[in-house]
Amino acid sequence: MTQHKKHLPLKGIKIIDLTRVLSGPFCTALLADLGAEVIKIESPSGDEYRHVGPFQNGESALFTLINRNKKGVVADLKNELDLARVLKLIADADVFIENFKPGVADRLGVGYEAVAAINSKIIYASISGFGQTGKNSHLPAYDLVVQAMSGMMDITGQADGEPTKVGESIADMVAGLYASWAIMTGLFDRERTGEGVRLDIAMLDSLFSLMPTPVAQWMFSKEAPGRVGNRHPLSTPFGSFKASNGQVIIAVLNDRQFSALCGVMGQPEMAGEPLFCSDQERTRHEPLLKKRIEKWLGQLTVEAATGVLSAAGVPTSPVLEMAEVLADASSGDRRLLATQNHPRLGNIPMMLQPVRASTWAEVDPSAAPTLGEHNKELFV
């Protein structure tokens, strides 16, 4: 097999990052992980995430994680000298990204028209709650607001419970992910066309795009789906089931897997019962099927149940506690956390981008910048 020299695929790409909080900083962290030079522009008061805990030695864990591998400068864009300094950085940059409410970048002198006037090949990305156009474009948006307006909260939670948000700021994260995808597509397209592009990434649009299952439920019937708890709305048995000492995940998606489950349960004839003979019938009679499965599981521990199910080829797992997941992320076969030698915090865990590539080098994580750390280096 040919041995390829490892390299950083975005080395030489210069990104001016005028984002704060989560969506934009997550996007640019992913790009910095691949070797891009990311220059974070902050106001004199700093990114809001600098002031959100948990803290150690005055450093925010959230800010530290999301702003790894970046350089940082402070600029008051309402000050003519600072604005001129930022525009000078933009003039030879490849990418400019902001996540203000629509209209704010224009008022600050770094809107698309102003930036494109000095750098026509710029990849200009704007992340906002509801997009640069549309009836809601003027509204401020945090992740919880977008989750509520996307419909995702409405379909998340127990059927007889309240709408529930996802356990992470998923709207911010997916908007940042789409922004990184769009920026790299823009860079690739520029290689062929020689032209820059303006990118409009809305958190609401991004989150909606993650919901093909409820759209499919609605598509032919025009009936809006509701909450179904941990089970799958279209396939059964596919969800969380109670064993003697905890919850077991069973994810059956076809008749073959269901027959295997019935065999493990010692009830092979159940696969041929009219109530359970197809995925549609199993979903229709989900409460009865769940009762039978949990009667069997009640005699087994989570460990025993997942063992016999896995051996039979039935997709299954325990519900891991976050402490177990974090331990494995630090030391498991597919490392998701690296140890960073932080100049102010010592050795701390640092998140890595998760994609494995045969020819890409792994960045040795550098610390998030202190406020204005690189002003002398970059504002010359």
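Located above this text is the structure these notes cover.
The model shown is predicted, which means the values in this text are computed figures rather than measured ones.

*Asks:* So what's going on with the overall build of the chain? Residues and values would help.
*Replies:* Each helix and strand counted, the chain has 15 helices and 13 strands in total. Judged by the C-alpha coordinates and their principal axes, the chain covers about 80 × 45 × 45 Å. Every one of the 380 residues in the chain was classed for burial, and the buried ones make up 43%. Partitioning the contacts of the chain with sequence separation of at least 6, the portion at a separation of at least 24 is 68%.

*Asks:* I'd love a proper account of the nonpolar core, names of residues and values included.
*Replies:* Counting residues in hydrophobic clusters, the biggest one holds 30 residues, and the most contacted among them are Ile 15 and Ile 183. Among the elements that take part in this core, helix α7 (residues 170–193) stands out by supplying 7 residues, more than any other. Counting 23 residues, the second-largest nonpolar core is a separate cluster that includes Ala 105, Val 110, Val 115 and Phe 379.

*Asks:* I'd like a rundown of the side chain of Asp 172, residues and numbers included.
*Replies:* Considering the arrangement of structural elements, one finds Asp 172 in helix α7. Comment: no salt bridge for buried Asp 172; closest opposite-charge side chain is Arg 20, at 8.7 Å. Not counting the four nearest positions on each side in its chain, Asp 172 is found in contact with Leu 22, Ser 23, Asp 143 and Met 203.

*Asks:* Account for the packing of helix α1 (residues 23–33) against α7, naming residues and giving values.
*Replies:* At a minimum axis distance of 7 Å, the contact between α1 and α7 shows a crossing angle of 45°. Taken together, the axes of α1 and α7 are oblique relative to one another. When the axes of α1 and α7 are compared, the crossing they make is right-handed. Facing Ser 23, Phe 26, Cys 27, Leu 30 and Leu 31 of α1, the residues of α7 in contact are Asp 172, Met 173, Ala 175, Gly 176, Leu 177, Ala 179, Ser 180, Ile 183 and Met 184.

*Asks:* Residue-level account of unusual backbone geometry, with values.
*Replies:* A cis amide bond links Gly 53 with the next residue in sequence, Pro 54, at an omega value of 5°. Position of Pro 54 among the secondary structure elements: in the loop between β2 (37–42) and β3 (55–56). The linkage connecting Thr 236 with the following residue, Pro 237, adopts the cis geometry, with an omega of 0°. With respect to the helices, strands and loops of the structure, Pro 237 is situated in the loop between α9 (212–221) and β9 (238–243). A positive phi is found at Val 21, a non-glycine position, where the angle reads about 70°. Tracing the chain through its elements places Val 21 in the loop between β1 (14–18) and α1.

*Asks:* Requested: an account of helix α10 (residues 255–264), with residues and values cited.
*Replies:* All buried positions along α10 are accounted for by Gln 257, Phe 258, Leu 261 and Cys 262. In an axial view of α10, the angular spread of the buried residues amounts to 140°, which keeps them on one side of the axis. On its buried face, α10 is in contact with β10 (246–251), α11 (279–284), α12 (286–297) and α13 (302–311). Among the residues of α10, the N-terminal cap falls to Asn 254, whose side-chain oxygen and the backbone nitrogen of Arg 256 are separated by 3.2 Å.

*Asks:* For the sheet that holds strand β6 (residues 95–98), give the residues involved together with the corresponding values.
*Replies:* One open sheet accounts for 6 strands, arranged β5-β2-β1-β6-β7-β8; its pairing is parallel. Edge positions in the open sheet fall to β5 (71–74) and β8 (197–202), since each of these has one partner strand only. Here the strands of the sheet are splayed against their neighbours by 20° on average, with no regard to which way each runs. Direction of pairing for β1 relative to β6: parallel, over a ladder of 4 bridges. Across the sheet, the residue bridging to Ile 16 is Phe 96, located in β6. Strands in contact with α7 are β6, β7 (123–128) and β8; relative to β7, the strand with the most contacts, it is inclined by about 165°.

*Asks:* Describe in detail the packing of helix α6 (residues 143–150) against α7, supporting the description with residues and values.
*Replies:* Interaxial distance between α6 and α7 falls to 7 Å at its minimum, and their mutual angle equals 90°. In terms of their interaxial angle, α6 and α7 are classed as roughly perpendicular. Listed contacts from α7 to Asp 143, Val 146 and Gln 147 of α6 are Ile 170, Ala 171 and Asp 172. Split by residue class, the contact of α6 with α7 holds 3 nonpolar, 1 polar and 2 charged.

*Asks:* Break down the pairing of β1 for me, citing the residues and quoting the values.
*Replies:* For β1, a buried count of 5 out of 5 residues is recorded, marking the element as mostly surrounded by other parts of the structure. Neither face of β1 is exposed, since Lys 14, Ile 16 and Leu 18 on one face and Ile 15 and Asp 17 on the opposite face are all buried. Here β1 pairs with β2 via 4 bridges, running parallel. Paired with Ile 15 across the two strands is Val 38, which belongs to β2.

*Asks:* Now, about a nonpolar patch on the surface: what can you tell me, with residues and values included?
*Replies:* A surface patch of nonpolar side chains, about 370 Å² in accessible area, is lined by Leu 320, Met 322, Val 325 and Leu 326. Looking at where Leu 326 falls in the secondary structure, it is placed in helix α14 (residues 322–331).

*Asks:* Residues and numbers for the pairing of strand β13 (residues 346–351), please.
*Replies:* Here 6 bridges tie strand β12 (residues 337–342) to β13, and the two strands are oriented antiparallel to one another. Across the sheet, Asn 341 pairs through a bridge with Asn 347, a residue of β13.

Reading the values: the criteria
- Residues numbered from 1 in each chain as written.
- Predicted model: local features only at pLDDT ≥ 70, side-chain atom pairs only at ≥ 80, totals over all residues.
- Heavy atoms only, no water.
- Helix = DSSP H or I, 4+ residues; strand = E, 2+ residues; numbered from the N terminus.
- Buried < 20%, exposed > 50% of the residue type's maximum accessible area, 1.4 Å probe, protein only.
- Contact = heavy atoms within 4.5 Å.
- Core = buried A, V, L, I, M, F, W, Y, C linked by side-chain atoms within 4.5 Å.
- Lys, Arg positive; Asp, Glu negative; His and termini not counted.
- Salt bridge = Lys/Arg side-chain N within 4 Å of Asp/Glu carboxyl O.
- Axes fitted to C-alpha atoms, helices over the stretch in contact; angles between N-to-C directions.
- Parallel < 35°, antiparallel > 145°, perpendicular 65-115°, else oblique.
- Left-handed = near helix turned anticlockwise from the far one by under 90°.
- Arc of directions from axis to C-beta.
- Polar contact = N/O pair within 3.5 Å; in protein donor to acceptor, adjacent residues only side chain to side chain.
- Pairing = 2+ DSSP bridges.
- Nonpolar A, V, L, I, M, F, W, Y, C, P; charged D, E, K, R; others polar.
- Patch = residues over 30% accessible without salt bridge, like charges linked within 9 Å, V, L, I, M, F, W, Y side chains within 5 Å.
- Areas by Shrake-Rupley, 256 points an atom, 1.4 Å probe, with all protein chains shown as cover.

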